[in-house]
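Results of the structural survey
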Amino acid sequence: MAKIAYTLPVTHVEHYTESYFRFRIKRPRGFRFTSGQFIMLGLMIDDKPVMRAYSMASPHWDEELEFYSIIVQDGELTSRLQHIKVGDEIIMSGKPVGTLTLRSLSGGGKRLFMLSTGTGVAPFTSLIRDEDTYERYDEIYLTQTCRQIKDLQYAQQRIEEAKNCPLVGEDAQKKLHFYGSVTREPYEREGRITDLIESGKLFEDLGISGLNPETDRVMICGSMDMLKDTRVILDAQGLSKGSGHKPAHYMWEKAFTG
Ligand code: A2P
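Source: prediction; values computed, not measured. (Residues numbered from 1 in each chain as written. Predicted model: local features only at pLDDT ≥ 70, side-chain atom pairs only at ≥ 80, totals over all residues. Heavy atoms only, no water.)

1. Observations regarding the nonpolar core
- With 35 residues, the main nonpolar core has Leu112, Met114, Phe124, Ile128, Leu142, Leu176 and Met219 as its most contacted residues.
- When residues of this core are traced back to their parent elements, those giving at least two are β5 (64-70), β7 (111-117), α2 (122-127), β8 (139-146), α4 (153-163), β9 (176-182) and β10 (216-222).
- Ranked by residue count, the leading element in this core is α4, at 4 residues.
- When residues of this core are assigned to domains, at least three fall in each of domain 1 (6-92) and domain 2 (102-256).
- If we skip the residues at most four places from it in the chain, Met219 touches Leu100, Thr101, Leu102, Leu105, Leu112, Phe113, Met114, Leu115, Phe124, Leu127 and Met251.
- Core analysis: the second largest hydrophobic core is formed by 22 residues, Phe23, Leu41, Leu65 and Phe67 among them. (Core = buried A, V, L, I, M, F, W, Y, C linked by side-chain atoms within 4.5 Å. Buried < 20%, exposed > 50% of the residue type's maximum accessible area, 1.4 Å probe, protein only. Helix = DSSP H or I, 4+ residues; strand = E, 2+ residues; numbered from the N terminus. Domains from an automatic or database assignment. Contact = heavy atoms within 4.5 Å.)

2. Some points on the packing of aromatic side chains
- Applying the stated criterion across every chain yields a total of 13 aromatic pairs.
- Their ring planes at 35 degrees and their centres at 6.0 Å tell us that Phe31 and Phe33 sit as a pair that is tilted.
- A ring pair is formed by Phe113 and Tyr141, whose centres lie 5.0 Å apart and whose planes are at 20 degrees; its orientation type is stacked. With Phe113 in strand β7 and Tyr141 in strand β8, this pair connects stretches of sequence that are 28 residues apart. The pair formed by Phe113 and Tyr141 is uniform in burial state, with each residue classed as buried.
- A cation over a ring is seen here: Arg231 above Trp252, with NZ or CZ 3.8 Å from the ring centre. (Phe/Tyr/Trp six-rings, centres within 6.5 Å; stacked < 30°, edge-to-face > 60°. Lys NZ or Arg CZ within 6 Å of the ring centre and 35° of its normal.)

3. A word on the pairing of strand β4 (residues 48-55)
- Bridge analysis of strand β3 (residues 38-45) against β4 gives 8 bridges, and the strand direction is antiparallel. By the bridge assignment for β4, Met40 is matched with Ala53.
- Between β3 and the antiparallel strand that follows it, β4, lie 2 residues; Asp46 among them carries a positive phi value of about 50 degrees. (Pairing = 2+ DSSP bridges.)

4. Let's talk about α4
- All of the buried residues in α4 are Tyr154, Ala155, Arg158, Ile159 and Ala162. Burial along α4 is one-sided: seen end-on, the buried residues are contained in an arc of 135 degrees.
- Taken together, the buried residues of α4 touch β2 (20-26), β5, α2, β8, α5 (169-175) and β9. (Arc of directions from axis to C-beta.)

5. A few points about the pattern of salt bridges
- Within the structure shown, the criterion is met by 13 salt bridges.
- Arg24 is paired through a salt bridge with Glu66; the nearest N and O atoms lie 2.5 Å apart. Within this pair, whereas Arg24 is found in strand β2, its partner Glu66 is found in strand β5, the two being separated by 42 residues in sequence. Both residues of the pair, Arg24 and Glu66, count as buried.
- Of the charged contacts in the structure, one is a salt bridge between Glu161 and Arg158, with a shortest N-O distance of 2.8 Å. Of this pair, Glu161 and Arg158 both sit in helix α4, separated by 3 residues, roughly a single helical turn.
- Owing to a relative accessible area of 27%, Glu161 belongs among the partly exposed residues under this scheme.
- Each of Glu14, Arg22, Arg24, Asp62, Glu64, Glu66, Arg129, Arg158 and Glu161 takes part in one network of salt bridges that share partners. (Salt bridge = Lys/Arg side-chain N within 4 Å of Asp/Glu carboxyl O.)

6. Some points on the site of the ligand
- In the region of the ligand, the neighbouring residues are Thr117, Thr145, Cys146, Arg147, Thr183, Arg184, Arg192, Thr194, Asp225, Met226 and Asp229.
- Interatomic distance of 3.1 Å between a backbone N/O atom of Cys146 and an oxygen atom of the ligand.
- At 3.4 Å from a nitrogen atom of the ligand is found a main-chain nitrogen or oxygen belonging to Asp225.
- Contact with the protein chains removes 79% of the 560 Å² of surface that the ligand exposes when unbound.
- The set of elements that each furnish at least two residues to the shell around the ligand consists of β8 and α8 (224-236).
- Counted by class, the shell around the ligand contains 2 nonpolar, 4 polar and 5 charged residues. (Near = heavy atom within 4 Å. Polar contact = N/O pair within 3.5 Å; in protein donor to acceptor, adjacent residues only side chain to side chain. Areas by Shrake-Rupley, 256 points an atom, 1.4 Å probe, with all protein chains shown as cover. Nonpolar A, V, L, I, M, F, W, Y, C, P; charged D, E, K, R; others polar.)

Purely spatial values, then, with no claim about function.
In structure tokens form, the structure reads like this:
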């Protein structure tokens with residue numbers, strides 16, 4: 001169990017669907033993290049801490065911390081967390097960790113692909129508002145696959161926020177592209193990201209060339225199955241996977257649930 005370092009008040013809650021919401025909390029003084037990292041957070045339930053890993057969905061320079069959460073009705077934490085209100089208290093550990101950081105990818109890339117499903121988009125909504133992302137890459141493609149169109153709202157809002165951001169807005173307007181696809185209802189962009197990469201439709205729709213290890217770096221965040229299936233595809237395209245602290249063409253992390 002992670003050690004509780006902070007107890008912090010909720011400053012904002014916004015529900016998008018019956019399954020997804022975001023919340024913001026006060027940022028403790030002196031708390032530093034790298035965009036793309038995660039932390040343990042949760043609630044005191046019956047006098048016991050219940051904590052889960054959550055990616056910071058806000059950039060490293062934001063005055064508050066933002067998180068994007070799924071709601072699982074019988075989940076130990078999110079069944080309660082879904083009811084939090086402004087002023088309620090969140091408990092949080094003190095040490096951010098994680099591999100979905102710019103430093104974990106090898107240099108020389110021109111295009112950055114961030115592939116996500118569901119709440120796996122959270123580390124990427126942090127990275128799209130980090131000035132370093134735009135310094136390192138000429139083209140940034142954020143993809144999110146969800147079941148339904150309404151599940152894409154959070155990411156769409158964050159894209160707008162990045163494009164209107166005083167710090168990265170100008171770069172985001174030129175370099176940032178969002179590709180949201182859905183799997184359980186008709187939509188202009190239908191299908192799992194794995195299938196869209198394999199069929200080439202993703203690249204066709206975006207009007208760009210396919211994956212190339214010379215120019216491309218990839219971050220993946222989703223369910224275990226999504227990670228596994230995506231990695232098979234990337235390996236077949238000649239991209240090398242990261243391990244430990246060695247930078248590579250691609251890096252992945254499991255999206256957290258429950
Ligand atoms: P699908 O509807 O075909 O299962 P979930 O809501 O279960 O977390 O899933 C989020 C999205 O991730 C869904 O659109 C789902 O598609 C997709 N998905 C699930 N498994 C995989 C996988 N192995 N590879 C790619 N996408 C996946």
